[in-house]
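# Descriptive analysis of the structure
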Amino acid sequence: MRTEELVAMLARGPVAADIHTTERCLGMAAAAGAGVAALSAFAILGVRPDLAWMLQHPAFWIKLAFPATLALAAFAASCRMARPGARLGVTRVALVGPIVVVLVVAWLALLSASPGERIALVAGHTALECVVSVGLLALPVFAAAFVALRRLAPTRPRAAGALAGLLGGGIAATVYAFHCDEMQAPFVAVWYSLGMSIPVLIGATLGPRLLRWA
Amino acid sequence: MSTPDEVGLRALLLLALAGDNAAYAAFLGHVGGRLRSYYRRRVAAFPDDAEDLVQEAMLAIHNQRHSYRSEQPVTAWLYAIARYKLIDALRARSAHAAVIEPLDDDEGAGMASSEPEVDEARRDLLALVETLADRFRLPIVHVKIEGLSVAETARLTGMSESAVKVGIHRGLKELAKRARGSS
């Protein structure tokens, strides 16, 4: 086909397009995946029995806010990365901010603790469960976001894949926080971060291979 | 018809996204011209591929036209898609280069090279090819540009046939990397 014929053909059909397709696709993927992750977590892991008490405790909200704000930042950044030629811009700050805040809070907690207590503040007693659960709970959002991104137009597939991973990890850790009974910031800073970094690394690895579009 | 600048292109695209068919036809027409000069400069040795790439990129632009953000420069968006399609094509080519013999038909190549801008673009790619090491450069020049067979190239250069194939394969990969770096 000659290029002029292609132009004529493409311009003949309905040409209007919904410019919010990117946000809609990724939003539906995140919501559906979050639903599956939450149902699995509550069905398999359960919710802490002392949730009512926990809701009044600032430490719980820090634990919740860290992954939740990261998930929001990852969503905004994924939407940008799903569009050709778009830059991360201010979303970079949103991505780094929560990590910096939680590191500072954790550092302060360690400084104010006696040297003997510090190891216990970091190690907690559910580190392995935390990392494994967050990694597994990230799967539904991760998979849904990859399916959505394949329909969109990421021109930097490694970055897009990593951000889909962070979206999955952030939502997974947010969900997991309702089950987790560790309240100390150093634990969250280390093990929540480690759990969330698993889907990020997998996403960065799979992105260039899977995020092809036409 | 003069080529509109960033502002003109953006206006056409926004009209098109709101459902204006005539604006869309004009937009795609201008985009075609831009894509053609973009690809001719970068895959000058394969003039047939340049037009294929123009069409492929245009189809991608059409399918993903919803992905344009109105606060973003249209040209940044266009060339990001064009570049993505170029890298995709070069990657696919380098993956198949060792298996597939050249199938450039002489008629098409002759016709295309009669245009001055194609000649210029061809020189640009040749300049890039010249920067490759001999074991990559010779197989690419003889097989891909002059159209000799792998066996003829092997006889001419004294390389083994498999070295010629590997040279094409790895040379095109390297070329893709450099084309990417210079874009």
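Residues numbered from 1 in each chain as written. Chains lettered and ligands numbered in written order. Predicted model: local features only at pLDDT ≥ 70, side-chain atom pairs only at ≥ 80, totals over all residues. Heavy atoms only, no water.

## Thoughts on the interface of chain A and chain B
Counting residues at the interface gives 32 residues for chain A and 34 residues for chain B. Between chain A and chain B the total buried area reaches about 2700 Å² when both faces are included, carbon and sulfur atoms providing 58% of it. Of all residues in chain A, Leu10(A), Val15(A) and Trp213(A) give up the largest surface area on contact with chain B, accounting jointly for 22% of the area buried on that side. Linking chain A to chain B there are one salt bridge. Between Arg212(A) and Asp88(B) there is a salt bridge, with the nearest N and O atoms lying 3.7 Å from each other. Broken down by secondary-structure element, the contributors of at least two residues to the side of chain A that touches chain B are α1 (3-12) and α2 (21-45) of chain A. Top contributing element to the side of chain A that touches chain B by residue count: α1(A), with seven residues. Across the side of chain A that touches chain B, the residue classes tally to 18 nonpolar, six polar and eight charged. (Contact = heavy atoms within 4.5 Å. Buried area = accessible area lost by both parts, 1.4 Å probe. Salt bridge = Lys/Arg side-chain N within 4 Å of Asp/Glu carboxyl O. Helix = DSSP H or I, 4+ residues; strand = E, 2+ residues; numbered from the N terminus. Nonpolar A, V, L, I, M, F, W, Y, C, P; charged D, E, K, R; others polar.)

## Some points on the packing of aromatic side chains
Each aromatic ring pair is summarised here by two numbers: the centre-to-centre distance and the angle between the ring planes. Taken as a whole and assessed by the stated rule, the structure comprises ten aromatic pairs over all chains. On the basis of an interplanar angle of 10 degrees and a centroid distance of 4.4 Å, the ring pair of Trp213(A) and Tyr84(B) is categorised as stacked. On the criterion of chain membership, the pair formed by Trp213(A) in the segment after α10 (185-210) and Tyr84(B) in helix α4 (residues 74-96) is interchain, its members lying in two chains. For the pair shown, Trp213(A) and Tyr84(B) are each scored as buried. By way of ring pairs, the aromatic residues Phe42(A), Phe60(A), Trp61(A) and Phe178(A) are connected into one cluster. A cation over an aromatic ring shows up here: Arg42(B) above the ring of Tyr38(B), its NZ or CZ 3.9 Å from the ring centre. (Phe/Tyr/Trp six-rings, centres within 6.5 Å; stacked < 30°, edge-to-face > 60°. Buried < 20%, exposed > 50% of the residue type's maximum accessible area, 1.4 Å probe, protein only. Lys NZ or Arg CZ within 6 Å of the ring centre and 35° of its normal.)

## Quick word on helix α8 (residues 139-151) of chain A
All names here are of chain A. Over its 13 residues, α8 extends 19 Å from the first C-alpha to the last, a length consistent with the 18 Å expected when each residue adds 1.5 Å. Taken as a whole, α8 has its buried residues at Val141, Phe142, Ala145, Phe146, Ala148 and Leu149. Mapping the buried residues of α8 onto a view down its axis gives an arc of 165 degrees, with all of them on the same face. Turned more than 90 degrees from where α8 packs its buried face, Val147 and Arg151 sit exposed. Looking at the buried residues of α8, the elements they touch are α2, α9 (157-176) and α10. (Expected span 1.5 Å × (residues − 1). Arc of directions from axis to C-beta.)

## Observations regarding the pattern of salt bridges
Scanning the entire structure with this criterion turns up nine salt bridges over all chains. One salt bridge connects Asp18(A) with Arg24(A), and the closest N-O pair in it is separated by 3.3 Å. Overall, the relative accessible area of 33% leaves Asp18(A) in the partly exposed class. The partly exposed category is assigned to Arg24(A), whose relative accessible area is 42%. One salt bridge in this structure joins Arg69(B) and Glu71(B), with 2.9 Å as the shortest N-O distance. Salt bridges sharing partners connect three or more residues here, namely Arg212(A), Asp88(B) and Arg91(B).

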